Amino acid sequence: MKKQILALTAALGMVAVLAPAAQAGTLDDIKARGKFICGTMGTAEPFSFQDPKTRAIVGYEVDMCQAVADSLKVPLELKLIAVEARIPELVAGRVDLIAANLGWTPERAQQIDYSFQHFASLQKVLARESDKDLKSPADLAGKRVSAVRGSSSEAGARKHIPNVETVTFKDPSGAFLAVQQGKVSGFVISELNAVKFKAQAANSPVPVKLLEPALFLEPWGMGMRKGDTEFRNHVNKVLTDMDASGEADRIYDKWFGMDTLYKMKREFKIAEITG
């Protein structure tokens, strides 16, 4: 009996020791670690990509991560992750937040929490200019289109194009090459990347065109572990403060504005994603 009491006491003591760790939130983890780990792609210009001169990872979402790190007064560490690894890396605790072209979907929202919208992406389709019969995304019904594996572009193609067959690739370059080589009829991707690929192909043997209208509009947020209200509120405050101060406009113009390839004006507000 005495041994049972001692064993029970030891077990309760172990629970007491482990309980605070189990309940620790992301803000506590960051404070204990002394750095903020943000997961990003590193291959998606202008959101996160390698600067050819400095070889550093830079971009719109990198600047957003830096703003969160600055608010916490800790250094930023970027961890490069593939599209399909974004949610697993977050759920496993290997990153504190993901800022990696993360479009909102109901399925993802069941697995993770989203910050306020920090970008809104029109999803469009690229096709070969020589394919005269392709004028809108509806003309791709029953055909093959490429997309990045695990992306919302892939899911959106299946949802919005009847009887479409998706052919997926690890990165946008491979998916774009497939449409140029005629392996697929179209390539579904965000408008910004579509503009970049179209410009690059303008003087190539296989120029491409954008099919109108857009396939769908997708709000993007930064991903956090489910139920971590304190951290989500902190990130949302960082974003709304940036919106109010004009910093969000400055960062947007730096990467998408009139002095860039995209020449776009920010027409969305940082706001809660309502689905």
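Please read all numbers here as calculations on a predicted model, not as lab measurements. (Residues numbered from 1 in each chain as written. Predicted model: local features only at pLDDT ≥ 70, side-chain atom pairs only at ≥ 80, totals over all residues. Heavy atoms only, no water.)

### Thoughts on the state of the cysteines
And step 1. Here the structure, examined in full by the defined rule, presents one disulfide.
And step 2. Through a disulfide, C38 is tied to C65; the S-S separation comes to 2.1 Å. Of this pair, C38 sits in strand β1 (residues 36-40) while C65 sits in helix α3 (residues 60-72), and the two are 27 residues apart along the sequence. Like C65, C38 is buried. (Disulfide = S-S within 2.5 Å. Helix = DSSP H or I, 4+ residues; strand = E, 2+ residues; numbered from the N terminus. Buried < 20%, exposed > 50% of the residue type's maximum accessible area, 1.4 Å probe, protein only.)

### A word on the packing of aromatic side chains
And step 1. Under the counting rule described, the total for this entry stands at 18 aromatic pairs.
And step 2. When the ring of F49 is compared with that of W255, the centres are 5.9 Å apart and the planes differ by 90°; the resulting orientation is edge-to-face. Taken together, the residues span a long stretch of sequence, with F49 in strand β3 (residues 48-50) and W255 in helix α10 (residues 247-256) at a distance of 206 residues.
And step 3. Ring centres of F176 and F197 lie 4.6 Å apart, and the angle between their planes is 25°; on these two criteria the pair is classed as stacked. Placement of the pair is F176 in helix α7 (residues 172-180) and F197 in helix α8 (residues 191-201), with a sequence separation of 21 residues.
And step 4. Of the residues examined, F176 reaches a relative accessible area of 7% and is grouped as buried.
And step 5. In this structure, K196 is placed above the aromatic ring of F197, and the distance from its NZ or CZ to the ring centre is 5.2 Å. (Phe/Tyr/Trp six-rings, centres within 6.5 Å; stacked < 30°, edge-to-face > 60°. Lys NZ or Arg CZ within 6 Å of the ring centre and 35° of its normal.)

### A short note on empty space enclosed by the protein
And step 1. Taken as a whole and assessed by the stated rule, the structure comprises one cavity of 30 Å³ or more.
And step 2. If you add up the space inside the largest cavity, you get close to 190 Å³.
And step 3. Lining the largest cavity are 17 residues, and of these N101, V148, S151, S153 and I189 sit closest to its centre.
And step 4. If you list the elements that add at least two residues to the lining of the largest cavity, you get α6 (152-160), β11 (186-190) and β12 (208-220). (1 Å grid on protein atoms, 1.4 Å probe; cavity = no way out; pocket = protein on both sides within 12 Å on 5 of 7 lines; lining within 4 Å. Points joined across faces, edges and corners; volume = space filled by probe spheres on them.)

### Side note on the pairing of strand β8 (residues 119-128)
And step 1. Counting buried residues in β8 gives eight out of ten residues, a clear majority hidden from the surface.
And step 2. Across nine bridges, the pairing between β8 and β12 is antiparallel. Bridging across to β12, L122 finds its partner in L217. (Pairing = 2+ DSSP bridges.)

### Looking at unusual backbone geometry
And step 1. The omega torsion across E45 and P46 is 5°, close enough to zero to call that bond cis.
And step 2. Structurally, P46 is set in the loop between β2 (43-44) and β3.
And step 3. Put simply, E212 and P213 share a cis peptide bond, and its omega is 0°.
And step 4. Of note in this structure, R55 is not a glycine but carries a positive phi near 70°.
And step 5. Within the fold, R55 resides in the loop between β3 and β4 (57-58).

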